[in-house]
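Chain by chain, the residues:
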Amino acid sequence: MDADDEWLTLPETAMLMCMTKAAIAQLRYRGVGPKFYRLSAKTILYKRSEVVAWMESRACTRTDDVLAAR
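Overview of the structure. Given the structure is predicted, the values throughout are model-derived calculations rather than measurements.

Remarks on the pairing of strand 3 (residues 44-47)
Bridge analysis of strand 1 (residues 7-8) against strand 3 gives 2 bridges, and the strand direction is antiparallel. Bridged to tryptophan 7 within strand 3 is lysine 47. Pairing of strand 2 (residues 37-38) with strand 3, which is carried by 2 bridges, proceeds in the antiparallel orientation. Bridged to tyrosine 37 within strand 3 is leucine 45. Linking strand 2 back to strand 3 in an antiparallel pair, the connection comprises 5 residues.

Details of the environment of tyrosine 46
The residue tyrosine 46 is located in strand 3 in this model. Look at tyrosine 46 and you get buried, because its relative accessible area is 1%. Separated by 39 residues in the primary sequence, tyrosine 46 and tryptophan 7 place their C-alpha atoms 5.7 Å from one another. Leaving out residues up to four positions away in the same chain, tyrosine 46 has contacts with Glu6, Trp7, Leu8, Leu10, Thr13, Ile24, Arg28, Pro34, Lys35, Phe36 and Val51. At 3.0 Å, the side chain of tyrosine 46 and the side chain of arginine 28 are in polar contact.

Observations concerning the packing of aromatic side chains
Scanning all chains against the criterion turns up 2 aromatic pairs. Judged by centre distance (4.9 Å) and plane angle (85 degrees), the ring pair of tryptophan 7 and tyrosine 37 falls under edge-to-face. Placement of tryptophan 7 in strand 1 and of tyrosine 37 in strand 2 is noted, with a sequence separation of 30 residues between them. Judged by its relative accessible area of 35%, tryptophan 7 falls in the partly exposed class. Taking 6.3 Å as the distance between ring centres and 50 degrees as the angle between the ring planes, the aromatic pair formed by phenylalanine 36 and tyrosine 46 counts as tilted. Of this pair, phenylalanine 36 sits in the loop between helix 2 (21-30) and strand 2 while tyrosine 46 sits in strand 3, placing them 10 residues apart in sequence. Overall, the relative accessible area of 30% leaves phenylalanine 36 in the partly exposed class. It is arginine 28 that lies over the ring of phenylalanine 36; its NZ or CZ is 5.7 Å from the centre.

What counts, and where the lines are drawn
- Residues numbered from 1 in each chain as written.
- Predicted model: local features only at pLDDT ≥ 70, side-chain atom pairs only at ≥ 80, totals over all residues.
- Heavy atoms only, no water.
- Pairing = 2+ DSSP bridges.
- Helix = DSSP H or I, 4+ residues; strand = E, 2+ residues; numbered from the N terminus.
- Buried < 20%, exposed > 50% of the residue type's maximum accessible area, 1.4 Å probe, protein only.
- Contact = heavy atoms within 4.5 Å.
- Polar contact = N/O pair within 3.5 Å; in protein donor to acceptor, adjacent residues only side chain to side chain.
- Phe/Tyr/Trp six-rings, centres within 6.5 Å; stacked < 30°, edge-to-face > 60°.
- Lys NZ or Arg CZ within 6 Å of the ring centre and 35° of its normal.

Any functional reading would require information beyond the geometric quantities listed.
Set out below in structure tokens:
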């Protein structure tokens, strides 16, 4: 398996994104975070490549760039 397609648990994803698990849960709830895979009621996984792509899509060039409009 390529490292970019590695499956990440929620704690691993939180570490990669420098966010708390609760913050990522809010992104999921609002439908604005990276794509996730729900394997069961308590098991959620992310693909590293999709998380990185989502983070790169949030790049800004000015301090007044509005992320909410994306």
